[in-house]
Amino acid sequence: MTGTFSGLSTTRWMMLGCAIVLVALFPLVYTDPYYMTIIVTAEVVLILNISWNFVLGMAGVWNFGQLAIYALGAYGAGWLMLHQTWMPAMIAILCGGLFSAVISVLLAFPTLRLFGIYTSLLTFSFAQVVQYVALNDPRGLTGGSYGYPTVPGLFPNMSQTSYLRAYYWVFAAVIVASCLVVAWLRQSHLGIALRSIRDSPGYTAARGVNPRMTRVIAFGLSGFLAGVAGGFYLSFEQSFTTSQMGLTPMSIDVTMLVIGGLGTVMGPLIGTAIVTVIQTILIDYPGWQLTILGATLLVIVIFVPGGVVGLISRTSKRVGAWVEEDSEAVEPAET
Amino acid sequence: MTDIVAIIVNGLVYGSIYGLVAIGMTLIYGTLRILDMSQGSMVMIGGYVGWWALATHGVNPLLALVLAFIVTFVVGTLTELVSVQPLIGRRGEVDFEMVTFITTFAVGILLTNVALQHFGPFQKNVPPIVSGNLDVYHGVSISYHELTMAGVSVLLMGALGLFLARTRWGFAVRAVAQDLDAARSLGVPVSRLYPATMGLASALAGVGGVFLGALYFASPTAGDLPLLQALIVVVLGGLGSLTGTLYAAYLVGLMQAFCEVKIGTTWTLPILYTAILIILVIRPYGLKGSPSEARL
């Protein structure tokens, strides 16, 4: 594996390993149920954001239908959990993910002919159709505005502490795995093809990369992860309604991605963390939450293009340059 | 027969108001290459101005419309100064269309939530501009309010057309839409033209908001549905094409009226969106759009 992550040194790998161990040990030390619930919910949102970032940031396709894909995964998993009770919950969630992946691939085809703003409108209207159909479903498959009020979920019979811990670990494992996969994909043939199609579609196609195939694969992967995130949300909250795919959650997710840095591996992680902290601080002033988030989004987009990750990498480069200058001037022997 | 008359009458009324809200978005996209997601908030602000003027102060309806026009013009200009102006000239550094999409969206979130803080979540009743009903055909009636709404919308759209075709500022707007650099080098004051264009487009939506507020309510989220409908209209018409937007507005209006009379209100939006999905797959740039060049 180290070969594919040639950008990371051994020290970086050890730091990453230590971070993962710390994250894994965290719930054994910390058990406050209120904050643990917030953290676990943020984990689900993070999984969704990783999947969205893959299409929106890396592939550069203006897909604003990701929340519909996410909701379809939740509905798929929920339907299986409620009506096919013999099926293990994990399998149901994976099936929900597969269902989302299929829908996402189908959505990829019409977007192939469109550019920029038109793609966003097409995917946005797709999401609206899904939401309205789910709300007004005449056959009762989705439960209308009530959604799925009681779903057993992954761990139906557990005390609160171990319930939160179990979900925390499952979600953290998925996050680590998907971050590694995204980091690997970014440097793989597919990732490079995706980014070069984003930057220059004509040239990339002329160099023998099939844009259709590449985009379909990207949509499929991203859709699968989004669907799994939907299944996770459903199973952790033990319920799901259409309000999870409305305009408000969408604007919050976009804010997270943009604040963190679109198209980067760590962007979703940092963005989700920052926005969750802001929301938790402002929990007593629900009206101000979105006002402040909207203002933050505006300021970040205008003054810090590239988000926090872009800011960090620029600053560290600049600091690195200073350090080099100094060491050259003062003590050339130092590495 | 009654059904057909009802569909046509309602379709024309809906079409006019959609045209008024959507034509601003087209104007902005045509000149500035911005999909203005704050346009819905302007409808919302117009609704509140209407409520403030008509319900609490009993102002002359015509004055209320002028007031809404001025207020949303100012808010629209400020929106441009905050969310677009800092990004101009950085086209190499940022993806202009996407970033402005996000910034105007952020302004929309801000305005909605400020309204929520200030006015509370409850709906306010806006009195109609003109009261009374007109019986068109055996049982099909139309309120004078809706008739005024359609009339004012058509009038404003005509005025916008004249403004673009005849006045000096209109020439400047069209010149910028055609070729930004050439317009700039010939002395068009782009840094003043951009805010003015966005203010004008917002003002049209604001006037629409007063009418829509009386038709429904004034509330913080009153702009969401008009925004979605305007998006349908501009995409269907081809972003940036004024005539395309007009056709699309009346087409969407008639389609909506047809759905409401024949199928039921709940399915109106899904059907419209499905129609959009199909049209975009067949014609990726809308009915009258062209790939990326100026179309105003």
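Here the structure is a predicted model, which is why all the values come from computation and not from measurement.

Some details on the overall build of chain A
From N to C terminus, chain A includes 13 helices and zero strands. Relative to the globule expectation of 20 Å for 335 residues, the C-alpha radius of gyration of chain A, 21 Å, shows essentially globular dimensions. Each of the three principal axes of chain A carries a C-alpha extent, and together these read 75 × 55 × 40 Å. Counting every position in chain A, which comprises 335 residues, the buried fraction comes to 51%. The contacts in chain A between residues at least 6 apart in sequence include a share of 76% that link residues at least 24 apart.

Looking at the pattern of salt bridges
Under the definition given, this model contains two salt bridges over all chains. The salt bridge partner of A:Asp199 is A:Arg198, with a shortest N-O separation of 3.2 Å. Residue classification places A:Arg198 among the partly exposed residues on the basis of a relative accessible area of 35%. We note a salt bridge from B:Asp3 to B:Lys262, for which the minimum N-O separation is 3.2 Å.

Quick word on the interface of chain A and chain B
Taken together, the 37 residues of chain A in the interface contact 44 residues of chain B. With both sides pooled, the region where chain A packs onto chain B buries about 3700 Å², and carbon together with sulfur makes up 80% of that total. For the interface between chain A and chain B, the tally reads one residue pair in polar contact (both at pLDDT 80 or more). Elements represented by at least two residues in the side of chain A that touches chain B include exactly helix H5 (116–135), helix H10 (247–260) and helix H12 (286–303) of chain A. Residue composition of the side of chain A that touches chain B, grouped by class: 28 nonpolar, eight polar and one charged.

As for the packing of helix H1 (residues 2–32) of chain B against helix H5 (residues 144–166) of chain B
All names here are of chain B. Running from N to C, H1 and H5 cross one another at 30°; their axes reach a closest spacing of 8 Å. In the crossing of H1 with H5, the sense of the turn from one axis to the other is left-handed. Contact with H1, carried on its side by Val13, Ser16, Ile17, Gly19, Leu20, Ile23 and Leu27, involves Glu146, Met149, Ala150, Ser153, Val154, Leu156, Met157, Leu160 and Leu164 of H5 and no other residues of that element. Per-class residue counts for the contact of H1 with H5 are twelve nonpolar, three polar and one charged.

Section: the nonpolar core
With 190 residues, the main nonpolar core has A:Phe64, A:Phe126 and B:Leu35 as its most contacted residues. Here the element with the most residues in this core is H1(B); it accounts for 17 residues. Each of domain 1 (10–245) and domain 2 (247–329) of chain A gives at least three residues to this core. Other than its neighbours up to four places away in sequence, A:Phe64 contacts A:Trp52, A:Leu56, A:Ser120, A:Thr123, A:Phe124, A:Ala127, A:Met250, A:Val254 and B:Phe101.

Comments concerning a nonpolar patch on the surface
Residues and elements named next belong to chain A. Side chains of Val21, Leu25, Phe26, Leu28, Val29, Tyr30, Tyr34, Tyr35, Trp169 and Ile283 sit close together on the surface and give an oily, nonpolar patch of about 930 Å² of accessible area. For the nonpolar patch, the secondary-structure elements that each account for two or more residues are helix H1 (10–29) and helix H2 (33–58). Here the nonpolar patch gets five residues from one element, more than from any other, and that element is H1. Within the secondary structure, Phe26 sits in helix H1.

A look at the domain arrangement of chain A
All names here are of chain A. Split by domain assignment, chain A resolves into domain 1 (10–245) and domain 2 (247–329). Taken over C-alpha atoms, the centre of domain 1 sits 21 Å from the centre of domain 2. Between domain 1 and domain 2, the residue contacts involve 25 residues of the former and 18 residues of the latter. Those elements giving two or more residues to the side of domain 1 that touches domain 2 turn out to be H2 and helix H6 (160–187). Here the side of domain 1 that touches domain 2 gets 14 residues from one element, more than from any other, and that element is H2. A per-class count over the side of domain 1 that touches domain 2 returns 19 nonpolar, five polar and one charged.

Digging into helix H11 (residues 268–282) of chain B
Here H11(B) is 15 residues long and its end C-alpha atoms lie 21 Å apart, about the 21 Å a rise of 1.5 Å per residue gives. Of the residues making up H11(B), those classed as buried are B:Thr268, B:Leu269, B:Pro270, B:Leu272, B:Tyr273, B:Ala275, B:Ile276, B:Leu277 and B:Leu280.

Here's the deal with unusual backbone geometry
Phi at A:Gln238 is positive, roughly 60°, even though this residue is not glycine. Looking at the secondary structure, you find A:Gln238 in the loop between helix H9 (211–237) and H10. Residue class for A:Gln238 comes out partly exposed when judged on its relative accessible area of 27%. Phi is positive for B:Arg33, close to 60°, though the residue is something other than glycine.

Regarding the packing of helix H10 (residues 242–262) of chain B against H11(B)
Residues and elements named next belong to chain B. Relative to each other, H10 and H11 sit at 140°, their axes nearing to 9 Å. When the axis of H10 is compared with that of H11, the two are oblique. You can see that H10 and H11 cross each other, and the crossing is right-handed. Contacts between H10 and H11 pair Val252, Met255, Gln256, Cys259 and Glu260 from the former with Thr268, Ile271, Leu272 and Ala275 from the latter. For the contact of H10 with H11, the per-class residue count stands at six nonpolar, two polar and one charged.

A word on the confidence of the model for chain B
All names here are of chain B. Considering every residue of chain B, the mean pLDDT works out to 83; 95% of them sit at 70 or more. Per-element mean pLDDT across chain B ranges from 73 in strand E1 (residues 133–137) up to 91 in helix H3 (residues 61–83). Complex prediction metrics read pTM 0.82 and ipTM 0.77.

Some words on the packing of aromatic side chains
For the structure on display, the rule yields 21 aromatic pairs over all chains. With 4.0 Å between their ring centres and 10° between their planes, B:Tyr48 and B:Phe119 make a pair best called stacked. With B:Tyr48 in helix H2 (residues 39–56) and B:Phe119 in helix H4 (residues 96–119), this residue pair connects regions lying 71 residues apart in the sequence. In this structure B:Tyr48 comes out as buried when scored by relative accessible area, which is 4%. The partly exposed category is assigned to B:Phe119, whose relative accessible area is 26%. Put simply, the rings of A:Tyr70, A:Tyr75, A:Tyr148, A:Tyr233 and A:Phe240 touch in pairs and so form one group of aromatic residues.

What to know about helix H6 (residues 168–178) of chain B
Residue and element names in this part refer to chain B. Of all the positions in H6, only Gly170, Ala172, Val173, Val176 and Ala177 are classed as buried. Looking straight down H6, one finds that the buried residues subtend no more than 160° of arc, so they occupy a single side. Along H6, the residues that are exposed and aim more than 90 degrees away from the buried face are Arg168 and Gln178. Residues of H6 that are buried in the fold lie against H1, H5, helix H7 (180–185) and helix H8 (190–215).

Concerning the state of the cysteines
All names here are of chain A. The tally for this structure, following the rule as stated, stands at zero disulfides over all chains. Note on Cys179: no disulfide assigned, nearest cysteine sulfur contributed by Cys18 at a separation of 17 Å. On the accessibility criterion, Cys179 (15% relative accessible area) is buried.

Rules behind the numbers
- Residues numbered from 1 in each chain as written.
- Chains lettered and ligands numbered in written order.
- Predicted model: local features only at pLDDT ≥ 70, side-chain atom pairs only at ≥ 80, totals over all residues.
- Heavy atoms only, no water.
- Helix = DSSP H or I, 4+ residues; strand = E, 2+ residues; numbered from the N terminus.
- Rg over C-alpha atoms; globule rule 2.2 N^0.38 Å.
- Buried < 20%, exposed > 50% of the residue type's maximum accessible area, 1.4 Å probe, protein only.
- Contact = heavy atoms within 4.5 Å.
- Salt bridge = Lys/Arg side-chain N within 4 Å of Asp/Glu carboxyl O.
- Buried area = accessible area lost by both parts, 1.4 Å probe.
- Polar contact = N/O pair within 3.5 Å; in protein donor to acceptor, adjacent residues only side chain to side chain.
- Nonpolar A, V, L, I, M, F, W, Y, C, P; charged D, E, K, R; others polar.
- Axes fitted to C-alpha atoms, helices over the stretch in contact; angles between N-to-C directions.
- Left-handed = near helix turned anticlockwise from the far one by under 90°.
- Core = buried A, V, L, I, M, F, W, Y, C linked by side-chain atoms within 4.5 Å.
- Domains from an automatic or database assignment.
- Patch = residues over 30% accessible without salt bridge, like charges linked within 9 Å, V, L, I, M, F, W, Y side chains within 5 Å.
- Areas by Shrake-Rupley, 256 points an atom, 1.4 Å probe, with all protein chains shown as cover.
- Expected span 1.5 Å × (residues − 1).
- Parallel < 35°, antiparallel > 145°, perpendicular 65-115°, else oblique.
- pLDDT = per-residue confidence, 0-100.
- Phe/Tyr/Trp six-rings, centres within 6.5 Å; stacked < 30°, edge-to-face > 60°.
- Arc of directions from axis to C-beta.
- Disulfide = S-S within 2.5 Å.

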